[in-house]
Amino acid sequence: MWNKTLAAAGLLTAVAAALALPARAAESGGDSHGGAVPPPISWSFAGPFGTFDQQQLQRGFKVYREVCASCHGLKFLAFRNLADPGGPGFSEGQVKALAAEYKVKDGPNDQGEMFERPGRAADRFPEPFPNEQAAAVANGGKAPPDLSLMAKARTYERGFPWFIFDAFTQFAETGPNYIHAVLTGYEAAPAGFQMPDGGNYNRYFPGHVIAMPKPLNDGQVDYKGPDGKPQAPETIDQYSKDVSAFLMWAAEPKMMARKEIGFKAFIFLIVLAGLVYFVKKKVWAPLHDHPETA
Ligand code: HEC
């Protein structure tokens, strides 16, 4: 009896140790994809009940607009999406006014010419460059990628045992963790590092040489609210978190609706399982009570 208990305890300890070790290895920053493993961030939208923080999405949009939009497009997003439920929560009036600040290419008109007009709510965000080549030339040979799906496109291995837990917690935050890491990961290259022309050293970018110059600095984006006080810290770290959250929303604008439906389906299945169980009991009851009549 005692032997068995001891053996079981030993086994449990061994399993726990096996689970804990690789986790610590991952945190200390293995270089599996050529860049350090991004530190995990606690996002409001994580997990099956996570929701976007509307204020954060609004700030993130401001960062995108004032800093990233000069190089990166957001071609799958229309202005009117900013007023969709579960998003940054702009009013339709705000969206119209915002769209009108942009110039959108349209046409051809009756004379067969393309022309520019003020944006409308249904327009997609205009591209910063006329084409990929122009984008590359303006950025030292590397075109800045479109950011619409970036938060879903960049993942990395979290390794054992995380991938087991991740399946249950619906972990899907590698994208925003990575974007935040890249934006905050600029540092001086280690001594002796051969930096190619136009390259910038980044701790988290695979290979460490990124063509994007450090885009954010403390105090760059104004977060002041109507009361004149900043609504959130005006720091690189906070800007990076906010814009990563915004890009997560941009990549999956219907996330909150999806999670709500998923949760309802889950409750429905539990109730259904209960009903099925009682129906089964009732149907088979005569056989249990009077086995001789079977
Ligand atoms: C001056 C132009 C410029 C600005 C401003 C800029 N970027 Fe970039 N960005 C680039 C270029 C160029 C690349 C391609 C880098 C490469 O492949 O080496 C890039 C790449 C990226 C990537 C992809 C990294 C990867 O894994 O491939 C992300 C994410 C990104 N930028 C996010 C942002 C965000 C968010 C902002 C605003 C805070 C921003 N960028 C501002 C030029 C810019």
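Residues numbered from 1 in each chain as written. Predicted model: local features only at pLDDT ≥ 70, side-chain atom pairs only at ≥ 80, totals over all residues. Heavy atoms only, no water.

**Brief notes about the overall build of the chain**
Part 1 of the reasoning: A tally of regular secondary structure across the chain gives nine helices and four strands.
Part 2 of the reasoning: Moving toward the C terminus, one meets the helices and strands of the chain in the order α-α-α-β-β-α-α-α-α-β-β-α-α.
Part 3 of the reasoning: Among the 294 residues that make up the chain, the fraction classed as buried is 32%.
Part 4 of the reasoning: Partitioning the intrachain contacts of the chain with sequence separation of at least 6 by distance along the chain shows that 61% fall at a separation of at least 24.
Part 5 of the reasoning: Counting only carbon and sulfur atoms, one obtains 62% of the accessible surface of the chain, whose full area is about 18000 Å². (Helix = DSSP H or I, 4+ residues; strand = E, 2+ residues; numbered from the N terminus. Buried < 20%, exposed > 50% of the residue type's maximum accessible area, 1.4 Å probe, protein only. Contact = heavy atoms within 4.5 Å. Areas by Shrake-Rupley, 256 points an atom, 1.4 Å probe, with all protein chains shown as cover.)

**Things to note about the site of the ligand**
Part 1 of the reasoning: In the vicinity of the ligand, 21 residues are found, and the nearest of them are C68, C71, H72, Y178 and M212.
Part 2 of the reasoning: Along the lines of polarity and charge, the residues of the shell around the ligand split into 16 nonpolar, three polar and two charged. (Near = heavy atom within 4 Å. Nonpolar A, V, L, I, M, F, W, Y, C, P; charged D, E, K, R; others polar.)

**Quick look at the side chain of D166**
Part 1 of the reasoning: Within the secondary structure layout, D166 lies in helix α6 (residues 162-169).
Part 2 of the reasoning: Classification of D166 by relative accessible area gives buried; the value is 13%.
Part 3 of the reasoning: Not counting the four nearest positions on each side in its chain, D166 is found in contact with R158 and F171.

**Thoughts on the coordination of the iron atom of the ligand**
Part 1 of the reasoning: The iron atom of the ligand binds to the protein through H72 (NE2) and M212 (SD), with metal-donor distances spanning 1.9 to 2.1 Å.
Part 2 of the reasoning: Classification of the site at the iron atom of the ligand rests on its six donor atoms, whose angles at the metal span 85 to 177 degrees, yielding the label octahedral. Of this pair, H72 sits in the loop between α2 (54-66) and α3 (92-100) while M212 sits in the loop between β4 (209-210) and α8 (236-251), and the two are 140 residues apart along the sequence.
Part 3 of the reasoning: According to the relative accessible area criterion, H72 is buried, its value standing at 10%. (Donors = N, O, S within 2.8 Å, 3.2 Å for Na, K, Ca; no water. Tetrahedral: all angles 85-135°; square planar, octahedral: opposite > 155°, others 65-115°.)

**Section: unusual backbone geometry**
Part 1 of the reasoning: Across the junction of G107 and P108, the peptide omega takes the value 0 degrees, indicating a cis bond.
Part 2 of the reasoning: In this fold, P108 is placed in the loop between β1 (103-106) and β2 (115-118).
Part 3 of the reasoning: Here H208, not a glycine, exhibits a phi torsion of approximately 70 degrees, which is positive.
Part 4 of the reasoning: With respect to the element layout, H208 can be found in the loop between β3 (200-201) and β4.

**Quick look at helix α7 (residues 174-184)**
Part 1 of the reasoning: Of all 11 residues that make up α7, 10 are buried, and the element is covered over most of its length.
Part 2 of the reasoning: Those residues of α7 hidden inside the fold are in contact with α5 (150-153), β4 and α8.

**Notes on the pattern of salt bridges**
Here the idea is simple: oppositely charged side chains can pair when their charged atoms come close.
Part 1 of the reasoning: Under the criterion given, the structure shown has 11 salt bridges.
Part 2 of the reasoning: Its salt-bridge partner being R65, residue E101 comes within 2.4 Å of it at the nearest N-O pair. With E101 in the loop between α3 and β1 and R65 in helix α2, this pair connects stretches of sequence that are 36 residues apart.
Part 3 of the reasoning: Relative accessible area serves as the criterion here: at 54%, E101 is assigned to the exposed category.
Part 4 of the reasoning: Since its relative accessible area comes to 32%, R65 is described here as partly exposed.
Part 5 of the reasoning: Residue K264 pairs with E260 through a salt bridge whose shortest N-O separation is 3.4 Å. Here E260 and K264 lie together in helix α9 (residues 255-289), a separation of four residues that amounts to about one turn.
Part 6 of the reasoning: Overall, the relative accessible area of 46% leaves E260 in the partly exposed class. (Salt bridge = Lys/Arg side-chain N within 4 Å of Asp/Glu carboxyl O.)

Functional significance is not addressed by these values, which are geometric in nature.
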